[in-house]
Each structure stands twice: as C-alpha cells, then as structure tokens.
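Report on the structure
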Amino acid sequence: MTEFDAVWLNANLATMQTELGPYGAIENGALAVKDGRIAWLGPQSALPVFDTSCAAVYDAGGQWLLPGLIDCHTHLIYGGSRANEFELRLHGASYQAIAKAGGGIRSTVQATRQATEQQLFELGQRRLDTLLAQGVTEVEIKSGYGLDLATERKMLRVARALDKQHPIRIHTTFLGAHALPPEFADSDAYMDYLCQSMLPELHHQGLIDAVDVFCEGIGFSVAQSRRLFETARALGLPVKAHAEQLSNLGGSALVAEFGGLSADHVEYLDEAGVQAMAQAGTVAVLLPGAYYFLKETQQPPIALLRQYQVPMAVATDLNPGTSPFCNLPLMLNMACTLFGLTPEEALLGVTRHAAKALALFDVGTLAVGSRANFACYAMEQPAELVYQQGVDPLEQLVIAGQPIQL
C-alpha cells in the first residue's frame, strides 16, 4: 500500500506540461504529496491504493489545480511613493521636469536610503502578502534603489529576511546598475565602484543570487554592461538585463552571449537579438504593466519570439515609478490584451517559463518530483484566471506540500 502525506481528489490539473496537450490538462484527476514533493498525479481512476490513516485527503470539488505562480521580475522593496509624480504627469508635467525637481528614481533612492530595515521589511511583507493571496509562491526581488553599498546591502538583507519569514520563496537580484547615483557624475566611475567594490562585497556576504543591469541610453551602455557581466561571471553569478525597453542597443544579445537567464522588457528587440536569445536559451520577460503605465506604443516582437521558440515569461515589474502593480493575474490579462499572447502562453509565462527565468527546475509545472507548490482555483477552465479580474478565485494555496493560511 502506497504512503502519501496528502492527496487531492476530484481535481482538474493544469500541469503546464504543454507537450501533453493544452495547459497539460488532466481532467478528473488526483495529486499526491510526499515529503513536500509531488509523488503522484494523473487520472483519479489510476490513483494507487494508499494508506488513508497516514494521508490528509482534500476534495478539490472539480476545481483547477495550477502550479504556484512565479513573479520573476519585481522591485518589491522600496521606500516612499511616487503617486504625486503620477498626478503631475496627468497635469502635463514632463518626466524631465519632474526629475529636475528631484523626482523620478532619485526620489525613491532618497526614501529608501532613509527607511529603516524594519520599515522596508514591513512594506515588503505587505506586498508579498498581496501576491500570496493571488497564488504566488516564488518572487524575484531586485535591489537598485540604494545605489550605495549601505542601502543596497540593506535592501538585500531585507529580502533575505523575508525569505526566511514569509511563505513565498525569495530570489535576490543585484541591480546596483539601475541608475547613476547623485554622488557620481560619471557612469564609468560608478561602474568601477560596482565591479571593484560593491558587487564583490555583497556577493561575499551571500546576499546575491543574480546580477541585473539597466542597459539603455538613459542607463548603462553595452560596454559598461559587459564589464559588470564579466565581474559577475568571475564570481559565479548568473546575469540578466533590462534591455531593449526604449531603444535597440543590443543588451539582449549581450545577455545571450553570457548565457544569461533573461532579457526583460524587450519592446525594441530585433530578429538578431531574438536569434541570439534562442540559441542561448535566454528567456524574454514581458512586462506589460510598465508598457501600459508609460503609455508605450512599441510592442515586444511576439511573432519573432514565437518563431524562434524563445520562452516568454510575464511579470509585474512591481515598482513605484513605472509599474506600481502588485497584481500578477492583472499582468496575465494585459499580456493577452496588449501584447496578443494566448491565455495558455500567459499562464506559461507565470509558471514554467518564469521558473526558467530564475533558473528554477523544481517548480513551474505539476510533475512527479517537483516541489509541491500549487494553487486550487474555483473556475471552470484555466483561461478564467487570465480573463476575469477583481474576483478572487483562489480556494487553497499549497507550498512545499503544506496548505497556507491566507
């Protein structure tokens, strides 16, 4: 007789193993967990006889089980708010005028520098709680609102603390190359500081899982980004980039050259960049919240990404300036309505492909041996999670085999 820790009966499973069919669906299915991993799944009629005295049994009532959602691009830890700038822009103020008056990213840097670790922890916890209630089980958090060693360390320490104390698993990314801080007048000198001092020190303290850069005309050049990537590679850290958001500089191809995890935004990505990403296995992370909030008109090259079979992830880009959305299901809807993804592509973008963007190989699908992270939604088909917003369909969330109190 088989021993399980828990079994879910009368479930429809969207495994996201799409090679099995749309959504990798198994209707009238069951799923069993042992030691925090999926031990069995399939049609309920084939469920092995198991010891009911050892297993907790849950009746899903015909609802859909999906892999726990993954938000693979966020700037979730920050101080302050930029709602005043939003209002000013609606009254006609330009971004340049707001920045000249002390607004923009520098205002968030100032607020984050002034905030205590406890204040940032509480703000981050509140945002994570919101994502948890949507079915999110993994989140990437970037630094980049410190731009000095003390504050970047503070942000990353808060992220590590949240990882220990919150049900969501956190993955940290160093984004010191987010913008030029006020103490530096020269971006080359700041890149020297990042490569020679800040990045090695924070890595030595065990605070970094990956390294990111804003490779853009208003950020850092391809040559500067290369220097950062070479430093990251020497330290054994994977790389990614904010690339091709406002222009086509070739940042995505650079990420691919380094075997990087992802190129994010990619609105201005060209075919050569898509080909490079395809050959390297680099994920394209689509961020429709920023596209919407900034009223952009250049869409990512979805047809080319499909043609070359580049995995497309979808994320919130949660940040105070350009995507103040703590709502991953809303991003699913935007990815379809603004970028033309199918609901299945969008859901792959927050499960299987989002996992690949974070180099995670035990989450993102429902499969034997995978970490038992899954969400039970009251809906008639998986596309409902993409289609309807404002109604909470989450009935139960399970992380590492344990139901979470929401």
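The rules behind the values
Residues numbered from 1 in each chain as written. Predicted model: local features only at pLDDT ≥ 70, side-chain atom pairs only at ≥ 80, totals over all residues. Heavy atoms only, no water. UniProt positions renumbered as here; feature names shortened; annotations may be inferred. Axes fitted to C-alpha atoms, helices over the stretch in contact; angles between N-to-C directions. Helix = DSSP H or I, 4+ residues; strand = E, 2+ residues; numbered from the N terminus. Parallel < 35°, antiparallel > 145°, perpendicular 65-115°, else oblique. Left-handed = near helix turned anticlockwise from the far one by under 90°. Contact = heavy atoms within 4.5 Å. Nonpolar A, V, L, I, M, F, W, Y, C, P; charged D, E, K, R; others polar. Buried < 20%, exposed > 50% of the residue type's maximum accessible area, 1.4 Å probe, protein only. Polar contact = N/O pair within 3.5 Å; in protein donor to acceptor, adjacent residues only side chain to side chain. Salt bridge = Lys/Arg side-chain N within 4 Å of Asp/Glu carboxyl O. Domains from an automatic or database assignment. Buried area = accessible area lost by both parts, 1.4 Å probe. Arc of directions from axis to C-beta.

An unreviewed UniProt entry lists the protein under the name Imidazolonepropionase, from Alkalimonas amylolytica. Its UniProt record gives the protein the following Subcellular location (unreviewed entry) comment, quoted word for word: "Cytoplasm". In its Pathway (unreviewed entry) section, the UniProt record describing the protein reads: "Amino-acid degradation; L-histidine degradation into L-glutamate; N-formimidoyl-L-glutamate from L-histidine: step 3/3."

**Topic: the packing of helix H4 (residues 117–132) against helix H5 (residues 149–165)**
Following both chains from N to C, one finds H4 and H5 inclined at 50°, their axes separated by 9 Å at the closest point. With respect to their mutual orientation, H4 and H5 come out oblique. Our pair here, H4 against H5, has a crossing hand that is right-handed. In this structure, H4 uses Glu117, Leu120, Phe121, Gly124, Gln125 and Leu128 to contact H5, whose residues at the interface are Lys154, Arg157, Val158, Ala161, Leu162 and Gln165. A breakdown of the residues in the contact of H4 with H5 according to their chemical character gives 6 nonpolar, 3 polar and 3 charged.

**Points about the UniProt feature "binding site: Zn(2+)" (unreviewed entry) in the protein**
In the numbering used here, UniProt assigns the feature "binding site: Zn(2+)" (unreviewed entry) to His73, His75, His242 and Asp317. In three dimensions, the annotated residues from a span of 245 residues occupy one location, with a maximal C-alpha spread of 12.2 Å. Its relative accessible area of 2% is what places His75 among the buried residues. Contact partners of His75, with chain neighbours within four places excluded, come to Lys142, Ser143, Tyr145, Leu175, His178, His242, Asp317, Leu318 and Asn319. Counting through the fold element by element, His242 comes out in strand S10 (residues 240–243). Here His242 falls in the buried class, since its relative accessible area comes to 4%. Once residues lying within four places of it in the same chain are set aside, the contact partners of His242 are His73, His75, Lys142, Leu175, Asp212, Val213, Phe214, Cys215, Asp264 and His265. There is a polar contact of 3.1 Å between the side chain of His242 and the side chain of Asp212.

**Details of the pattern of salt bridges**
The full count for this structure, using the stated rule, is 17 salt bridges. Between Arg306 and Glu345 there is a salt bridge, with its nearest N and O atoms 2.8 Å apart. Remark: Glu345 occurs in helix H13 (residues 343–349) and Arg306 occurs in helix H11 (residues 302–307); sequence separation between them is 39 residues. Among the charged side chains, a salt-bridge network with shared partners connects Arg37, Glu138, Arg169, Asp362 and Arg371.

**Let's talk about the UniProt feature "binding site: 4-imidazolone-5-propanoate" (unreviewed entry) in the protein**
The UniProt feature table records "binding site: 4-imidazolone-5-propanoate" (unreviewed entry) at Arg82, Tyr145, His178, Gln245 and Thr322. In this structure, Arg82 sits in the loop between strand S6 (69–71) and helix H1 (83–90). Separated by 2.9 Å, the side chains of Arg82 and Glu85 make a polar contact. Structurally, His178 can be placed in the loop between strand S8 (169–177) and helix H6 (187–204). Taking the relative accessible area as the measure of exposure, His178 reaches 11% and is therefore buried. In this structure, His178 is in contact with His75, Ile105, Gly144, Tyr145, Leu147, Phe214 and Phe220, ignoring residues within four places of it in sequence. A polar atom in the side chain of His178 sits 3.0 Å from the backbone oxygen of Gly144.

**Description of the domain arrangement of the protein**
The assigned domain composition of the protein is domain 1 (6–67 + 365–404) and domain 2 (69–358). The straight-line distance from the C-alpha centre of domain 1 to that of domain 2 is 31 Å. Of the residues lining the interface, 26 residues belong to domain 1; the matching set on domain 2 comes to 23 residues. Here domain 1 and domain 2 share an interface that buries about 1800 Å² over both sides, 64% of which is from carbon and sulfur atoms. When the buried surface of domain 1 facing domain 2 is broken down by residue, Met16, Val386 and Gln389 rank first, second and third, together holding 29% of it. Inspection of the domain 1/domain 2 interface yields 2 salt bridges. Residues Glu138 and Arg371 are paired through a salt bridge, measuring 3.7 Å at the closest nitrogen-oxygen approach. At the junction of domain 1 and domain 2, the tally comes to 10 residue pairs in polar contact (both at pLDDT 80 or more). For the side of domain 1 that touches domain 2, the secondary structure elements donating two or more residues are strand S5 (64–67), strand S14 (374–377), helix H15 (384–387) and strand S15 (394–399). Looking at which element gives the most residues to the side of domain 1 that touches domain 2, the answer is S15, with 4 residues.

**Observations concerning the environment of Ala210**
Relative to the elements of secondary structure, Ala210 occurs in strand S9 (residues 210–215). With 37 residues separating them in the primary sequence, Ala210 and Thr173 have C-alpha atoms 4.7 Å apart. Residues within four places of Ala210 in sequence aside, it is in contact with Thr172, Thr173, Phe174, Pro238, Lys240 and Leu261.

**Concerning helix H9 (residues 271–280)**
Where H9 is concerned, the buried positions are Gly273, Val274 and Met277. With its buried residues spanning 100° around the axis, H9 presents them on a single face. On its buried face, H9 is in contact with helix H8 (251–257), strand S11 (262–265), strand S12 (283–286) and H11. Where H9 ends, the next residue or the one after it, Gly281, has phi of about 75°, a positive value.

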